[in-house]
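Remarks on the overall topology
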Amino acid sequence: VRSANRGELIKLDKKIQTIKVPFSPPDISEEDIEAVTSVLRSGWITTGPKNMEFAKALGDYCGVEDTMLLSSATAGLELALRLFGIGKDDEVITTPYTFAATANVILHTGAKPVFADVNDDFNINTSIIERLITKKTKCIISVDFGGFPCDYSQISSIIQNKIKLFKPSKNSLQQSHGKILHISDAAHSLGAIYRGKKIGSQADITVFSFHAVKNLTTAEGGGILFNKTLNDPKLWRKEAGLLSLHGQTKDAMAKFTSGNWQYDIVTAGYKYNMTDMQAALGLSQLKRYETMIARRREITEKYSAVFEKNDNVLSPQTKNSEKESSYHLYTPVFLDFTLDKRDQFIKKLASFGISANVHFIPLPLLSVYKKLGYKITDYPNALKLYTGEVSLPVFSKMSDEQLDYMLITLRHL
Ligand SMILES: *Cc1c(COP(=O)(O)O)cnc(C)c1O
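So, here is what we can say about the structure in this document. Counting starts from 1 at the beginning of each chain's written sequence and moves along it residue by residue. Given that this is a predicted model, residues contribute local features only at a pLDDT of at least 70 and side-chain atom pairs are listed and counted only at 80 or more, while totals for whole chains, interfaces and linings are drawn from all residues. Calculation of side-chain values draws on the structure's entire complement of heavy atoms; hydrogens and water are dropped beforehand.

**Structural notes on the nonpolar core**
What counts, and what does not: Residue types Ala, Val, Leu, Ile, Met, Phe, Trp, Tyr and Cys, when buried and joined through side-chain atoms within 4.5 Å, form a set referred to as a nonpolar core. Only protein chains enter the calculation, and the probe is 1.4 Å; a residue is then buried if its accessible area is under 20% of its type maximum, exposed if over 50%, and partly exposed in between. The way it works is that DSSP assigns letters per residue, a run of H or I at least four long becomes a helix, a run of E at least two long becomes a strand, and they are numbered from the N terminus. Residue contacts are defined here by distance: any two heavy atoms, one from each residue, within 4.5 Å place the two residues in contact.
Counting residues in each nonpolar core, the largest one holds 69 residues, and the members touching the most others are F54, I183 and I205. With 7 residues, the single largest contributor to this core is helix 4 (residues 73–83). Beyond its immediate stretch of four places on either side in the chain, I205 contacts A80, L181, H182, I183, S184, I224, L225, F226, L230 and W236. L12, I19, L403 and L413 belong to the second largest nonpolar core, which has 29 residues in total.

**Structural notes on the packing of aromatic side chains**
Under the convention used in this document: Between 30 and 60 degrees the pair is tilted, below 30 it is stacked and above 60 it is edge-to-face, where a pair is any two Phe, Tyr or Trp rings, Trp via its six-membered ring, whose centres lie within 6.5 Å. Here, a charge over a ring is recorded when the distance from Lys NZ or Arg CZ to the ring centre is within 6 Å and its angle to the ring normal is within 35 degrees.
Applying the stated criterion across every chain, the model contains 22 aromatic pairs. Centroid distance Y61 to Y289: 5.9 Å. Interplanar angle 70°. Geometry classified as edge-to-face. With Y61 in helix 3 (residues 49–62) and Y289 in helix 12 (residues 289–307), this residue pair connects regions lying 228 residues apart in the sequence. Using a relative accessible area of 1% as the deciding quantity, one classes Y289 as buried. Three or more aromatic residues link up through ring pairs in this structure, and these residues are Y303, F307, Y330, F334, F337 and F345. Across from the ring centre of Y61, 4.5 Å away, lies the NZ or CZ of K198, which sits over that ring. The ring of Y386 has R342 lying over it, and the distance from NZ or CZ to the ring centre is 4.6 Å.

**Digging into the environment of V390**
You can see V390 is positioned in the loop between helix 15 (380–388) and helix 16 (400–412). Taking C-alpha positions, V390 is 11 Å from S315, a pair spaced 75 residues apart along the chain. Contacts of V390, omitting those with residues within four sequence positions, involve Y330, T331, P332, F334, F337, R342, F345, I346, L349, A356 and N357.

**Here we look at the site of the ligand**
Stated formally: Distances are taken per atom, and a residue is near a molecule or strand as soon as one of its heavy atoms is within 4 Å of it. In protein, a polar contact means a hydrogen-donor-capable atom and an acceptor-capable atom, both N or O and within 3.5 Å, with residues adjacent in sequence counting only if both atoms are side-chain atoms; elsewhere, any N or O pair within 3.5 Å suffices. Areas reported here follow the Shrake-Rupley algorithm with a probe of radius 1.4 Å; residue values treat only the protein chains shown as occluding. Amino acid classes used here: Ala, Val, Leu, Ile, Met, Phe, Trp, Tyr, Cys and Pro are nonpolar; Asp, Glu, Lys and Arg are charged; the rest, including Gly, are polar.
Around the ligand, a shell composed of 16 residues is seen, among which T74, D185, H188, S209 and K214 lie nearest. The backbone of A73 places a nitrogen or oxygen atom 2.9 Å from an oxygen atom of the ligand. Residue K214 places a side-chain N or O atom 3.3 Å away from an oxygen atom belonging to the ligand. Contact with the protein chains covers 92% of the free accessible surface of the ligand, which is 380 Å². Within the residue set of the shell around the ligand, elements represented by two or more residues are helix 4 and helix 5 (101–109). Looking at the shell around the ligand residue by residue, the class counts come to 6 nonpolar, 8 polar and 2 charged.

Encoded structure:
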(Lines give C-alpha, C1' and ligand atoms only; values in the text may rest on other atoms or scores of the structure.)
Protein backbone atom coordinates (compact mmCIF):
# COMPACT_ATOMS: atom_id res chain seq x y z
CA VAL A 1 0.00 0.00 0.00
CA ARG A 2 2.10 2.90 -1.25
CA SER A 3 -0.14 5.89 -1.44
CA ALA A 4 1.11 7.93 1.52
CA ASN A 5 2.37 11.37 0.51
CA ARG A 6 5.62 13.03 1.60
CA GLY A 7 3.98 15.12 4.31
CA GLU A 8 2.42 12.02 5.82
CA LEU A 9 5.76 10.19 5.77
CA ILE A 10 7.50 13.01 7.63
CA LYS A 11 4.68 12.99 10.15
CA LEU A 12 5.04 9.22 10.46
CA ASP A 13 8.80 9.47 10.95
CA LYS A 14 8.32 11.81 13.90
CA LYS A 15 5.71 9.58 15.48
CA ILE A 16 7.47 6.23 15.25
CA GLN A 17 9.50 7.00 18.35
CA THR A 18 6.55 8.13 20.45
CA ILE A 19 3.30 6.37 19.55
CA LYS A 20 2.42 2.86 20.56
CA VAL A 21 -0.68 0.99 19.45
CA PRO A 22 -1.43 -2.02 21.65
CA PHE A 23 -3.59 -4.82 20.25
CA SER A 24 -6.67 -4.80 22.46
CA PRO A 25 -6.40 -3.12 25.88
CA PRO A 26 -9.57 -3.24 28.00
CA ASP A 27 -11.78 -0.15 28.05
CA ILE A 28 -12.31 0.54 31.76
CA SER A 29 -13.99 3.80 32.80
CA GLU A 30 -14.11 5.51 36.21
CA GLU A 31 -17.77 4.42 36.44
CA ASP A 32 -16.68 0.79 35.91
CA ILE A 33 -14.18 1.11 38.76
CA GLU A 34 -16.82 2.72 40.96
CA ALA A 35 -19.26 -0.11 40.18
CA VAL A 36 -16.75 -2.79 41.19
CA THR A 37 -15.57 -1.03 44.34
CA SER A 38 -19.14 -0.51 45.49
CA VAL A 39 -19.64 -4.29 45.34
CA LEU A 40 -16.45 -4.75 47.37
CA ARG A 41 -17.83 -2.36 49.97
CA SER A 42 -21.31 -3.91 49.97
CA GLY A 43 -20.56 -7.04 51.99
CA TRP A 44 -21.71 -9.43 49.20
CA ILE A 45 -18.97 -10.18 46.64
CA THR A 46 -19.84 -13.49 45.00
CA THR A 47 -22.97 -14.42 43.00
CA GLY A 48 -25.84 -12.24 44.25
CA PRO A 49 -27.93 -9.16 43.35
CA LYS A 50 -25.52 -7.71 40.75
CA ASN A 51 -25.41 -11.04 39.01
CA MET A 52 -29.21 -11.08 38.71
CA GLU A 53 -29.21 -7.50 37.47
CA PHE A 54 -26.58 -8.10 34.78
CA ALA A 55 -28.23 -11.37 33.66
CA LYS A 56 -31.52 -9.47 33.19
CA ALA A 57 -29.85 -6.54 31.40
CA LEU A 58 -27.99 -8.91 29.07
CA GLY A 59 -31.26 -10.68 28.21
CA ASP A 60 -33.02 -7.35 27.58
CA TYR A 61 -30.15 -6.22 25.35
CA CYS A 62 -30.23 -9.43 23.28
CA GLY A 63 -34.00 -9.93 23.29
CA VAL A 64 -33.85 -13.28 25.11
CA GLU A 65 -35.59 -14.00 28.42
CA ASP A 66 -33.67 -16.92 29.88
CA THR A 67 -30.06 -16.05 30.57
CA MET A 68 -27.36 -17.01 33.01
CA LEU A 69 -23.91 -15.69 33.84
CA LEU A 70 -20.88 -17.93 34.11
CA SER A 71 -17.16 -17.90 34.83
CA SER A 72 -16.29 -18.09 31.11
CA ALA A 73 -17.64 -18.81 27.64
CA THR A 74 -15.78 -22.11 27.76
CA ALA A 75 -17.86 -23.06 30.81
CA GLY A 76 -21.03 -22.11 28.92
CA LEU A 77 -20.17 -24.22 25.87
CA GLU A 78 -19.32 -27.22 28.02
CA LEU A 79 -22.47 -26.77 30.11
CA ALA A 80 -24.65 -26.74 26.98
CA LEU A 81 -23.08 -29.98 25.71
CA ARG A 82 -23.39 -31.65 29.14
CA LEU A 83 -27.05 -30.61 29.52
CA PHE A 84 -27.79 -32.18 26.12
CA GLY A 85 -26.10 -35.39 27.28
CA ILE A 86 -23.33 -35.28 24.67
CA GLY A 87 -20.68 -37.95 25.15
CA LYS A 88 -18.84 -40.93 23.70
CA ASP A 89 -20.03 -42.05 20.23
CA ASP A 90 -21.57 -38.62 19.51
CA GLU A 91 -20.33 -36.22 16.84
CA VAL A 92 -20.36 -32.44 17.10
CA ILE A 93 -19.80 -30.39 13.94
CA THR A 94 -17.84 -27.17 14.32
CA THR A 95 -15.38 -24.91 12.54
CA PRO A 96 -11.63 -25.54 12.40
CA TYR A 97 -11.09 -21.75 12.32
CA THR A 98 -11.67 -20.77 15.93
CA PHE A 99 -10.06 -20.59 19.32
CA ALA A 100 -9.34 -24.01 20.84
CA ALA A 101 -12.04 -23.55 23.51
CA THR A 102 -14.81 -24.19 20.95
CA ALA A 103 -13.60 -27.72 20.19
CA ASN A 104 -11.78 -28.60 23.43
CA VAL A 105 -15.12 -28.74 25.24
CA ILE A 106 -16.28 -31.38 22.72
CA LEU A 107 -13.22 -33.47 23.60
CA HIS A 108 -13.99 -33.03 27.33
CA THR A 109 -17.31 -34.81 26.86
CA GLY A 110 -15.73 -37.72 24.96
CA ALA A 111 -17.54 -36.82 21.73
CA LYS A 112 -15.81 -36.37 18.38
CA PRO A 113 -15.32 -32.89 16.88
CA VAL A 114 -16.06 -32.95 13.14
CA PHE A 115 -14.70 -29.89 11.37
CA ALA A 116 -16.44 -28.19 8.45
CA ASP A 117 -14.15 -25.84 6.49
CA VAL A 118 -14.90 -22.10 6.36
CA ASN A 119 -15.97 -19.54 3.73
CA ASP A 120 -13.92 -16.48 2.84
CA ASP A 121 -15.77 -14.61 5.62
CA PHE A 122 -14.06 -17.03 8.10
CA ASN A 123 -17.43 -18.53 9.08
CA ILE A 124 -18.44 -22.18 8.84
CA ASN A 125 -19.48 -23.31 5.35
CA THR A 126 -23.06 -24.52 5.66
CA SER A 127 -23.05 -26.73 2.55
CA ILE A 128 -20.13 -28.65 4.07
CA ILE A 129 -22.09 -29.01 7.33
CA GLU A 130 -24.90 -30.62 5.39
CA ARG A 131 -22.54 -33.22 3.90
CA LEU A 132 -20.98 -34.04 7.29
CA ILE A 133 -24.18 -34.79 9.18
CA THR A 134 -24.57 -38.47 10.13
CA LYS A 135 -26.86 -40.30 12.55
CA LYS A 136 -24.20 -39.66 15.21
CA THR A 137 -24.41 -35.87 14.83
CA LYS A 138 -25.96 -34.39 17.97
CA CYS A 139 -24.89 -30.81 17.86
CA ILE A 140 -23.51 -27.99 15.68
CA ILE A 141 -21.36 -25.29 17.27
CA SER A 142 -20.94 -22.31 14.95
CA VAL A 143 -18.76 -19.28 15.61
CA ASP A 144 -19.49 -15.67 14.57
CA PHE A 145 -15.92 -15.04 13.58
CA GLY A 146 -14.60 -11.60 14.45
CA GLY A 147 -18.18 -10.61 15.33
CA PHE A 148 -19.65 -11.27 11.85
CA PRO A 149 -22.74 -13.49 12.17
CA CYS A 150 -22.68 -16.93 10.56
CA ASP A 151 -25.49 -18.20 8.29
CA TYR A 152 -28.00 -18.93 11.05
CA SER A 153 -31.04 -19.52 8.90
CA GLN A 154 -29.21 -21.99 6.60
CA ILE A 155 -28.03 -23.93 9.66
CA SER A 156 -31.55 -24.08 11.02
CA SER A 157 -32.92 -25.33 7.66
CA ILE A 158 -30.24 -28.01 7.45
CA ILE A 159 -31.13 -29.22 10.97
CA GLN A 160 -34.79 -29.37 9.94
CA ASN A 161 -33.95 -31.27 6.71
CA LYS A 162 -31.95 -33.88 8.62
CA ILE A 163 -34.46 -34.33 11.42
CA LYS A 164 -35.17 -37.98 10.47
CA LEU A 165 -31.51 -38.92 10.95
CA PHE A 166 -31.54 -37.74 14.58
CA LYS A 167 -31.65 -40.55 17.12
CA PRO A 168 -32.07 -39.13 20.64
CA SER A 169 -30.33 -40.81 23.57
CA LYS A 170 -32.02 -41.32 26.95
CA ASN A 171 -31.25 -37.71 27.92
CA SER A 172 -34.61 -36.01 28.46
CA LEU A 173 -33.62 -32.62 27.00
CA GLN A 174 -32.34 -34.43 23.90
CA GLN A 175 -35.60 -36.34 23.61
CA SER A 176 -37.79 -33.27 23.91
CA HIS A 177 -35.64 -31.26 21.46
CA GLY A 178 -35.79 -34.11 18.95
CA LYS A 179 -33.20 -32.73 16.57
CA ILE A 180 -29.61 -31.51 16.33
CA LEU A 181 -28.91 -28.74 18.86
CA HIS A 182 -27.45 -25.52 17.45
CA ILE A 183 -25.08 -23.79 19.87
CA SER A 184 -23.69 -20.42 18.84
CA ASP A 185 -20.20 -19.67 20.13
CA ALA A 186 -20.84 -15.92 20.10
CA ALA A 187 -17.67 -15.10 22.04
CA HIS A 188 -17.03 -12.31 19.49
CA SER A 189 -20.49 -11.18 18.50
CA LEU A 190 -22.30 -9.49 21.40
CA GLY A 191 -24.34 -6.71 19.77
CA ALA A 192 -23.92 -7.97 16.21
CA ILE A 193 -27.06 -7.98 14.06
CA TYR A 194 -28.64 -10.80 12.06
CA ARG A 195 -31.78 -9.98 10.03
CA GLY A 196 -32.60 -6.99 12.19
CA LYS A 197 -32.12 -8.72 15.55
CA LYS A 198 -29.22 -8.80 17.95
CA ILE A 199 -27.30 -12.06 18.25
CA GLY A 200 -28.87 -14.32 20.88
CA SER A 201 -32.26 -15.20 19.41
CA GLN A 202 -31.02 -17.24 16.41
CA ALA A 203 -29.40 -20.46 17.66
CA ASP A 204 -30.96 -22.67 20.36
CA ILE A 205 -28.23 -21.68 22.79
CA THR A 206 -25.91 -18.68 22.54
CA VAL A 207 -22.73 -18.25 24.55
CA PHE A 208 -20.88 -14.94 24.98
CA SER A 209 -17.40 -14.35 26.37
CA PHE A 210 -16.50 -11.42 28.60
CA HIS A 211 -12.80 -12.26 28.71
CA ALA A 212 -10.41 -9.29 28.98
CA VAL A 213 -9.76 -9.10 25.21
CA LYS A 214 -13.41 -9.30 24.16
CA ASN A 215 -15.61 -6.29 23.23
CA LEU A 216 -17.29 -6.16 26.65
CA THR A 217 -15.34 -7.48 29.59
CA THR A 218 -15.79 -8.71 33.14
CA ALA A 219 -12.04 -9.67 33.22
CA GLU A 220 -13.11 -13.31 32.94
CA GLY A 221 -16.70 -14.31 32.39
CA GLY A 222 -19.37 -15.61 30.10
CA GLY A 223 -23.09 -15.54 29.48
CA ILE A 224 -25.43 -18.25 28.22
CA LEU A 225 -28.81 -17.60 26.58
CA PHE A 226 -31.57 -20.19 26.21
CA ASN A 227 -33.67 -19.31 23.18
CA LYS A 228 -37.39 -19.87 22.60
CA THR A 229 -36.46 -22.41 19.89
CA LEU A 230 -35.97 -24.82 22.84
CA ASN A 231 -39.22 -26.43 23.98
CA ASP A 232 -38.80 -25.24 27.54
CA PRO A 233 -36.01 -22.65 27.88
CA LYS A 234 -36.91 -22.13 31.56
CA LEU A 235 -36.27 -25.81 32.28
CA TRP A 236 -32.90 -25.57 30.49
CA ARG A 237 -32.08 -22.48 32.55
CA LYS A 238 -33.01 -24.31 35.75
CA GLU A 239 -30.95 -27.40 34.87
CA ALA A 240 -28.04 -25.16 33.92
CA GLY A 241 -28.32 -23.46 37.32
CA LEU A 242 -27.99 -26.80 39.08
CA LEU A 243 -25.17 -28.12 36.92
CA SER A 244 -23.15 -24.90 37.16
CA LEU A 245 -23.16 -24.90 40.98
CA HIS A 246 -22.24 -28.38 42.23
CA GLY A 247 -25.73 -29.74 41.53
CA GLN A 248 -26.77 -27.98 44.72
CA THR A 249 -30.44 -27.25 45.37
CA LYS A 250 -29.75 -23.82 46.90
CA ASP A 251 -27.39 -21.07 45.82
CA ALA A 252 -25.17 -19.12 48.23
CA MET A 253 -27.70 -16.27 48.60
CA ALA A 254 -30.54 -18.64 49.56
CA LYS A 255 -28.36 -20.51 52.05
CA PHE A 256 -27.26 -17.23 53.58
CA THR A 257 -30.79 -16.41 54.69
CA SER A 258 -31.00 -17.05 58.45
CA GLY A 259 -32.17 -20.53 59.41
CA ASN A 260 -32.03 -21.74 55.81
CA TRP A 261 -28.95 -23.93 55.94
CA GLN A 262 -30.42 -27.18 54.53
CA TYR A 263 -29.42 -28.25 51.02
CA ASP A 264 -29.02 -31.32 48.83
CA ILE A 265 -26.65 -32.19 45.98
CA VAL A 266 -28.67 -33.88 43.26
CA THR A 267 -25.92 -34.35 40.68
CA ALA A 268 -22.12 -34.02 40.68
CA GLY A 269 -22.12 -30.56 39.09
CA TYR A 270 -19.45 -28.05 38.16
CA LYS A 271 -18.43 -24.66 39.62
CA TYR A 272 -19.11 -22.16 36.86
CA ASN A 273 -20.77 -19.14 38.54
CA MET A 274 -19.91 -15.45 38.04
CA THR A 275 -19.11 -13.20 41.01
CA ASP A 276 -20.92 -9.93 41.71
CA MET A 277 -17.66 -8.01 41.19
CA GLN A 278 -17.54 -9.30 37.63
CA ALA A 279 -21.27 -8.77 37.09
CA ALA A 280 -21.04 -5.15 38.30
CA LEU A 281 -18.27 -4.53 35.77
CA GLY A 282 -20.30 -6.14 32.99
CA LEU A 283 -23.40 -4.17 33.86
CA SER A 284 -21.48 -0.91 33.86
CA GLN A 285 -19.86 -1.78 30.49
CA LEU A 286 -23.19 -2.75 28.95
CA LYS A 287 -24.58 0.74 29.67
CA ARG A 288 -22.15 2.29 27.20
CA TYR A 289 -21.62 -0.73 24.97
CA GLU A 290 -23.29 0.79 21.88
CA THR A 291 -20.82 3.71 21.91
CA MET A 292 -17.98 1.20 22.28
CA ILE A 293 -19.22 -0.64 19.18
CA ALA A 294 -19.58 2.66 17.30
CA ARG A 295 -15.89 3.47 17.81
CA ARG A 296 -14.92 0.00 16.62
CA ARG A 297 -17.10 0.49 13.53
CA GLU A 298 -15.39 3.79 12.77
CA ILE A 299 -11.90 2.24 13.05
CA THR A 300 -12.95 -0.72 10.89
CA GLU A 301 -14.40 1.48 8.15
CA LYS A 302 -11.22 3.57 8.01
CA TYR A 303 -8.99 0.49 7.77
CA SER A 304 -11.15 -0.92 4.99
CA ALA A 305 -10.91 2.34 3.05
CA VAL A 306 -7.09 1.96 3.02
CA PHE A 307 -7.31 -1.53 1.49
CA GLU A 308 -10.24 -0.79 -0.81
CA LYS A 309 -8.32 -0.60 -4.09
CA ASN A 310 -5.81 -3.30 -3.28
CA ASP A 311 -6.68 -6.55 -5.07
CA ASN A 312 -4.13 -8.44 -2.98
CA VAL A 313 -6.06 -7.81 0.22
CA LEU A 314 -9.27 -9.50 1.21
CA SER A 315 -10.86 -7.04 3.64
CA PRO A 316 -12.96 -8.63 6.36
CA GLN A 317 -16.72 -8.68 5.75
CA THR A 318 -18.50 -6.63 8.36
CA LYS A 319 -21.84 -5.61 6.90
CA ASN A 320 -24.34 -6.69 4.25
CA SER A 321 -28.09 -6.55 3.74
CA GLU A 322 -28.79 -9.08 6.51
CA LYS A 323 -25.82 -8.93 8.86
CA GLU A 324 -23.75 -6.41 10.77
CA SER A 325 -20.67 -7.27 12.78
CA SER A 326 -19.89 -6.32 16.37
CA TYR A 327 -16.50 -5.28 14.94
CA HIS A 328 -14.54 -7.44 17.35
CA LEU A 329 -11.58 -8.20 15.07
CA TYR A 330 -10.16 -6.61 11.94
CA THR A 331 -8.73 -9.48 9.92
CA PRO A 332 -7.48 -8.61 6.41
CA VAL A 333 -6.03 -11.49 4.40
CA PHE A 334 -2.99 -10.64 2.27
CA LEU A 335 -3.41 -13.06 -0.60
CA ASP A 336 0.25 -12.87 -1.72
CA PHE A 337 1.65 -13.70 1.73
CA THR A 338 3.48 -16.85 2.69
CA LEU A 339 3.70 -17.76 6.38
CA ASP A 340 7.20 -16.21 6.42
CA LYS A 341 6.11 -13.02 4.71
CA ARG A 342 3.19 -12.72 7.12
CA ASP A 343 5.51 -13.03 10.12
CA GLN A 344 7.89 -10.44 8.68
CA PHE A 345 4.97 -8.07 8.22
CA ILE A 346 3.92 -8.51 11.87
CA LYS A 347 7.52 -7.87 12.99
CA LYS A 348 7.63 -4.77 10.83
CA LEU A 349 4.44 -3.46 12.44
CA ALA A 350 6.04 -4.20 15.83
CA SER A 351 9.03 -2.05 14.84
CA PHE A 352 6.51 0.76 14.33
CA GLY A 353 5.17 0.19 17.84
CA ILE A 354 2.03 -1.54 16.53
CA SER A 355 0.91 -4.85 18.03
CA ALA A 356 -0.70 -7.11 15.45
CA ASN A 357 -1.87 -10.65 15.97
CA VAL A 358 -3.12 -13.74 14.12
CA HIS A 359 -6.63 -15.16 14.58
CA PHE A 360 -6.47 -18.12 14.77
CA ILE A 361 -4.10 -21.01 14.25
CA PRO A 362 -6.59 -23.45 12.66
CA LEU A 363 -7.21 -26.30 15.10
CA PRO A 364 -5.84 -29.09 12.82
CA LEU A 365 -2.43 -27.37 13.07
CA LEU A 366 -2.33 -27.65 16.87
CA SER A 367 -0.55 -30.65 18.43
CA VAL A 368 -3.53 -31.99 20.33
CA TYR A 369 -5.68 -32.15 17.18
CA LYS A 370 -2.81 -33.39 14.97
CA LYS A 371 -2.31 -36.29 17.37
CA LEU A 372 -5.99 -37.14 17.01
CA GLY A 373 -5.44 -37.47 13.25
CA TYR A 374 -6.86 -34.20 11.90
CA LYS A 375 -5.03 -32.86 8.80
CA ILE A 376 -4.99 -29.22 7.71
CA THR A 377 -5.06 -30.33 4.04
CA ASP A 378 -8.68 -31.38 4.62
CA TYR A 379 -9.51 -27.70 5.32
CA PRO A 380 -7.94 -25.82 2.37
CA ASN A 381 -9.83 -22.58 2.89
CA ALA A 382 -8.87 -22.39 6.57
CA LEU A 383 -5.23 -22.82 5.52
CA LYS A 384 -5.51 -20.18 2.78
CA LEU A 385 -6.99 -17.60 5.16
CA TYR A 386 -4.55 -18.42 7.95
CA THR A 387 -1.54 -18.02 5.64
CA GLY A 388 -2.35 -14.41 4.84
CA GLU A 389 -4.30 -13.25 7.89
CA VAL A 390 -3.08 -10.39 10.10
CA SER A 391 -5.30 -9.01 12.89
CA LEU A 392 -4.86 -5.26 13.28
CA PRO A 393 -5.54 -3.41 16.54
CA VAL A 394 -9.20 -2.52 17.15
CA PHE A 395 -10.28 -1.26 20.56
CA SER A 396 -12.84 1.25 21.70
CA LYS A 397 -10.33 3.43 23.56
CA MET A 398 -8.14 3.97 20.47
CA SER A 399 -7.34 7.70 20.30
CA ASP A 400 -7.69 9.77 17.12
CA GLU A 401 -3.93 10.13 17.12
CA GLN A 402 -3.40 6.36 17.32
CA LEU A 403 -5.94 5.81 14.54
CA ASP A 404 -4.33 8.46 12.36
CA TYR A 405 -0.95 6.84 12.93
CA MET A 406 -2.35 3.40 12.05
CA LEU A 407 -3.78 4.73 8.78
CA ILE A 408 -0.60 6.48 7.72
CA THR A 409 1.47 3.42 8.60
CA LEU A 410 -0.81 1.08 6.66
CA ARG A 411 -0.68 3.34 3.61
CA HIS A 412 3.10 3.52 3.86
CA LEU A 413 3.89 -0.21 4.30
C1 LIG B 1 -12.39 -16.16 23.64
C2 LIG B 1 -13.07 -17.24 22.93
C3 LIG B 1 -13.67 -18.31 23.62
C4 LIG B 1 -13.45 -18.55 25.07
O5 LIG B 1 -13.90 -17.56 25.88
P6 LIG B 1 -13.60 -17.64 27.46
O7 LIG B 1 -14.56 -16.69 28.07
O8 LIG B 1 -12.17 -17.22 27.63
O9 LIG B 1 -13.82 -19.04 27.89
C10 LIG B 1 -14.42 -19.22 22.91
N11 LIG B 1 -14.56 -19.12 21.57
C12 LIG B 1 -13.98 -18.13 20.87
C13 LIG B 1 -14.21 -18.06 19.39
C14 LIG B 1 -13.20 -17.18 21.52
O15 LIG B 1 -12.59 -16.21 20.81
